[in-house]
Amino acid sequence: MNTGRVVSMYDKYIMDTYKRVPLCIEKAKGARVWDIEGKVYLDFFPGWAVSGIGHCHPEVAAAIKKQAKKLLHVSNNYYSRLQGKLAETIINNSFPGKVFFANSGAEANEAALKLARKYGHEKGRFETITCLKSFHGRTLGMITATGQEKVKMGFEPLPQGFVHVPFNDIEAVEKAITDKTIAIMLEPVQCEGGINIASPGYLKGLRALCDEKDIVLIFDEVQTGMGRSGRMFAFQNYGIRPDVMTLAKALGGGLPIGACVAREKFQAVLTPGTHASTFGGSPIVSAAALAVFDAIKKEKLLENANKMAAYLKTKLEALREKHYFVKEVRNLGLIIGVELSIKGEAIYKECMEEGLLINCTQDTVLRIMPPLTVTKKEIDTAIAILDKVFGKNEGA
Ligand SMILES: *Cc1c(COP(=O)(O)O)cnc(C)c1O
């Protein structure tokens, strides 16, 4: 089997919903992946931020293996020890409240918005304010919530009750609030949107507005959660708490999971029969997620993430001074954006040829999210590749 053969199976049997690059990944470990021909790459965007503590983390793999022999799935009409333990762990690491388990980011967000709608129902309040350039997932509800036209085109009519405002603009939110507003949902760092980092004043302002007007403040931490920002959850960098937080991506260490976490005030809004998920919080994914929390703690990965973020930032700033088209380097922990004054597509493709996997979003922003386990040596290798590829593009 080679890449060409796999690509031809996709051409014939897989719906064409993704822009793919011709790389067929066969195995991975930590920050390294191997393609089907045996070529090795350094992965600085592991699984779209899913493999947050690196691919096939040994603790996660061991937990899955052990649990696979015991119990894979139970329906949510019964109790499972691991789901309980995972919810306890999430709450102990975030804020007092309760958790609902789903299987993806979009589903976690759907749960959050259903909670908000239900909370506002008797008062006739149903409108949700979200941000332009946001990304909240691909269900009908979440493409409506997402503040980007390109994800909605062709799917109209869309569900009602969504208003979009510019990010980091508290006045725009104040103006958008009506007596029908029930929720404000946003990402503390817009990742798909180009690594736009919320200012502390903005999030504090939103917290005050939501308290004053009894509006549910929802943070979509699907991509920013699980240590990616240098703290376990991005909101912890800001000295405030959301009312509801959603998680997915890195939570399961590679297995599909989503979680909607609600503070005490909102923890009893969803009652029996109002929401459900067949697979949500199964023993096998809960075992994997518990192993992720364990590894972050045992291996002091938040400490490493902060150290390595500072090191990588310095190295990227040096590249900015050297290459004229590198405009800005932005980061919150290991959520890193490198804004270019040229298109980034050629850059990330050439990086791949040189053995480095990164991402490009919003046309001109390189998105770099190495695993929390990343080492100085791996960063040096990545920087050397970026330097070489930037150099080749100087004349472009
Ligand atoms: C990826 C992502 C989602 C959607 O998650 P899925 O698991 O693909 O449904 C939602 N919000 C943010 C911020 C994301 O990065």
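Coordinates for the structure precede this section.
Analysis parameters
Residues numbered from 1 in each chain as written. Predicted model: local features only at pLDDT ≥ 70, side-chain atom pairs only at ≥ 80, totals over all residues. Heavy atoms only, no water. Helix = DSSP H or I, 4+ residues; strand = E, 2+ residues; numbered from the N terminus. Rg over C-alpha atoms; globule rule 2.2 N^0.38 Å. Buried < 20%, exposed > 50% of the residue type's maximum accessible area, 1.4 Å probe, protein only. Contact = heavy atoms within 4.5 Å. Areas by Shrake-Rupley, 256 points an atom, 1.4 Å probe, with all protein chains shown as cover. Salt bridge = Lys/Arg side-chain N within 4 Å of Asp/Glu carboxyl O. Phe/Tyr/Trp six-rings, centres within 6.5 Å; stacked < 30°, edge-to-face > 60°. Lys NZ or Arg CZ within 6 Å of the ring centre and 35° of its normal. Polar contact = N/O pair within 3.5 Å; in protein donor to acceptor, adjacent residues only side chain to side chain. 1 Å grid on protein atoms, 1.4 Å probe; cavity = no way out; pocket = protein on both sides within 12 Å on 5 of 7 lines; lining within 4 Å. Points joined across faces, edges and corners; volume = space filled by probe spheres on them. Core = buried A, V, L, I, M, F, W, Y, C linked by side-chain atoms within 4.5 Å. Near = heavy atom within 4 Å. Nonpolar A, V, L, I, M, F, W, Y, C, P; charged D, E, K, R; others polar. Axes fitted to C-alpha atoms, helices over the stretch in contact; angles between N-to-C directions. Left-handed = near helix turned anticlockwise from the far one by under 90°. Pairing = 2+ DSSP bridges.

A closer look at the overall build of the chain
Then, in step 1: A tally of helices and strands in the chain yields 11 helices and 17 strands.
Then, in step 2: Its C-alpha atoms give the chain a radius of gyration of 21 Å, within 12% of the compact-globule value 21 Å for 396 residues.
Then, in step 3: A principal-axis box enclosing the C-alpha atoms of the chain has dimensions of 60 × 55 × 45 Å.
Then, in step 4: Burial status across the chain gives 54% buried among its 396 residues.
Then, in step 5: Within the chain, counting contacts between residues at least 6 apart in sequence, those at least 24 apart form 72% of the total.
Then, in step 6: Put simply, the chain shows about 18,400 Å² of open surface, and 55% of that area lies on carbon and sulfur atoms.

Examining the pattern of salt bridges
Then, in step 1: Enumeration over the complete set of coordinates arrives at 18 salt bridges.
Then, in step 2: Lys 123 is the salt-bridge partner of Asp 214, the closest N and O atoms lying 3.8 Å from each other. Placement of the pair is Asp 214 in the loop between helix H7 (200-213) and strand S10 (216-220) and Lys 123 in the loop between helix H4 (105-121) and strand S5 (127-131), with a sequence separation of 91 residues.
Then, in step 3: With its nearest N and O atoms 2.8 Å apart, the salt bridge here joins Glu 345 to Lys 349. Here the residue Glu 345 and the residue Lys 349 both occupy positions in helix H10 (residues 345-353), the gap between them amounting to four residues, near one helical turn.
Then, in step 4: Through salt bridges with shared partners, a single network forms among Arg 207, Asp 211, Asp 243 and Arg 263.

Description of the packing of aromatic side chains
Then, in step 1: Per the stated rule, a full pass over the model turns up seven aromatic pairs.
Then, in step 2: On the numbers, 6.3 Å between centres and 5° between planes, the contact of Phe 233 with Phe 235 is stacked.
Then, in step 3: Chaining the aromatic ring pairs together yields one cluster made of Phe 95, Phe 233 and Phe 235.
Then, in step 4: Stacked on the ring of Trp 34, the Lys or Arg Lys 27 has its end atom at 4.7 Å from the ring centre.
Then, in step 5: Sitting over the ring of Tyr 119, Lys 123 keeps its end group 4.2 Å from the ring centre.

Let's talk about the side chain of Asn 109
Then, in step 1: Structurally, Asn 109 is set in helix H4.
Then, in step 2: Polar contacts involving the side chain of Asn 109 include one to the main-chain carbonyl oxygen of His 136, which spans 2.9 Å.
Then, in step 3: Once residues lying within four places of it in the same chain are set aside, the contact partners of Asn 109 are His 136, Met 142, Met 185, Asp 220, Val 222 and Thr 246.

Concerning the layout of surface pockets
Then, in step 1: Here the second largest pocket is characterised by a volume of approximately 910 Å³.
Then, in step 2: Along the wall of the second largest pocket there are 30 residues; nearest its centre are Asn 76, Gln 83, Val 99, Phe 100 and Phe 101.
Then, in step 3: At the level of elements, helix H3 (81-93), strand S4 (97-102) and strand S12 (258-263) are the ones that each hand at least two residues to the lining of the second largest pocket.
Then, in step 4: Ranked by residue count, the leading element in the lining of the second largest pocket is S4, at four residues.

Examining the nonpolar core
A general feature of soluble globular proteins is that nonpolar side chains tend to end up buried together.
Then, in step 1: Residues Leu 186, Leu 316 and Leu 386 are the most contacted members of the largest nonpolar core, which totals 98 residues.
Then, in step 2: Take this core: its biggest share by element is 11 residues, from helix H8 (residues 283-298).
Then, in step 3: Those residues in contact with Leu 316, other than ones at most four positions away along the chain, are Val 329, Ile 336, Val 338, Ile 368, Ile 383 and Leu 386.
Then, in step 4: Grouped together as the second largest cluster of nonpolar side chains are 20 residues, Ala 106, Leu 115, Ala 145 and Cys 260 included.

With respect to the site of the ligand
Then, in step 1: Close to the ligand lie Ser 104, Gly 105, Ala 106, Asn 109, Phe 135, His 136, Gly 137, Glu 187, Asp 220, Val 222, Gln 223 and Lys 249, which account for all nearby residues.
Then, in step 2: At a separation of 2.6 Å, an oxygen atom of the ligand approaches a polar side-chain atom of Gln 223.
Then, in step 3: Note that an oxygen atom of the ligand is positioned 2.6 Å from one of the side-chain N or O atoms of Lys 249.
Then, in step 4: Considered on its own, the ligand offers 380 Å² of accessible surface; in the complex 81% of this is hidden by protein.
Then, in step 5: Among the elements that line the shell around the ligand, the one with the most residues is H4, at three residues.
Then, in step 6: A class-by-class count of the residues in the shell around the ligand yields three nonpolar, six polar and three charged.

Here we look at the packing of H3 against H8
Then, in step 1: Their axes nearest at 8 Å, the elements H3 and H8 cross at an angle of 35°. You can see that H3 and H8 cross each other, and the crossing is left-handed. Packed against H3, whose contacting residues are Leu 82, Gln 83, Lys 85, Leu 86, Thr 89, Ile 90 and Asn 93, the element H8 presents Pro 283, Ser 286, Ala 287, Ala 289, Leu 290 and Phe 293 at the interface.
Then, in step 2: A breakdown of the residues in the contact of H3 with H8 according to their chemical character gives eight nonpolar, four polar and one charged.

Comments concerning the sheet that holds S10
Across a sheet, paired strands are connected by hydrogen bonds in the backbone, their directions being either parallel or antiparallel.
Then, in step 1: Taken together, the seven strands give an open sheet; going across it, the order is S4-S12-S11-S10-S7-S5-S6, and neighbouring strands pair in mixed fashion. Two strands bound the open sheet, and with one partner strand each, they are S4 and strand S6 (162-165). On average, each strand axis in the sheet is tilted by 20° relative to the strand beside it, whichever way the strands run.
Then, in step 2: Two strands pair when backbone bridges link them, and strand S7 (residues 181-186) and S10 are joined in this way by four bridges, in the parallel orientation. Within S10, the position partnered with Met 185 by the bridge is Ile 218.
Then, in step 3: The strands touched by H3 within the sheet are S4, strand S11 (244-247) and S12, with S4 carrying the most contacts at an inclination of about 125°.
Then, in step 4: Those strands touched by H4 are S4, S5, S6, S7, S10, S11 and S12, and its axis lies near 160° from that of S7.

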